[in-house]
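If you want the building blocks of each chain, they are given just below.
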Amino acid sequence: MEEVRAYAEQYGVAPSTVIQRVGVGGGGTWAKWESGTGSPTLRTVDRLRKYMADNPPPDDTPCDPHTEDAA
């Protein structure tokens, strides 16, 4: 969960957006994982990790898009 949160933060999107892009769920799925009423399978975790490894954020991607200099 922390890995997905950190990855999502680097792109400036919600964690549910990441799992939706991977094709393993959406907002409702993420909410269940967060609340503890559901949990991802190991296969799902593997798919998430593979997606994040195959699609790393650029090194210059800010964690918060509002902190960029307005030059």
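Now for a quick tour of the structure.

So, how was this worked out
Residues numbered from 1 in each chain as written. Predicted model: local features only at pLDDT ≥ 70, side-chain atom pairs only at ≥ 80, totals over all residues. Heavy atoms only, no water. Core = buried A, V, L, I, M, F, W, Y, C linked by side-chain atoms within 4.5 Å. Buried < 20%, exposed > 50% of the residue type's maximum accessible area, 1.4 Å probe, protein only. Contact = heavy atoms within 4.5 Å. Salt bridge = Lys/Arg side-chain N within 4 Å of Asp/Glu carboxyl O. Helix = DSSP H or I, 4+ residues; strand = E, 2+ residues; numbered from the N terminus.

Further remarks concern the nonpolar core. In terms of nonpolar packing, the biggest core is built from 11 residues, these being Val4, Tyr7, Ala8, Val18, Ile19, Val22, Val24, Trp30, Trp33, Leu48 and Met52. Aside from chain neighbours lying at most four places away, what touches Trp30 is Met1, Val4, Arg5, Pro15, Ser16 and Ile19.

Another point: the pattern of salt bridges. This structure, assessed with the given rule, holds 4 salt bridges. Among the salt bridges present, the one from Glu2 reaches Arg5, with a minimum N-O distance of 2.5 Å. Residue Glu2 and its partner Arg5 are both found in helix α1 (residues 2–11); the two are separated by 3 residues, about one turn of the helix. For Arg5, a relative accessible area of 28% gives the class partly exposed. A salt bridge links Arg5 to Glu34; its shortest N-O distance comes to 2.3 Å. Taken together, the residues span a long stretch of sequence, with Arg5 in helix α1 and Glu34 in helix α3 (residues 27–35) at a distance of 29 residues.

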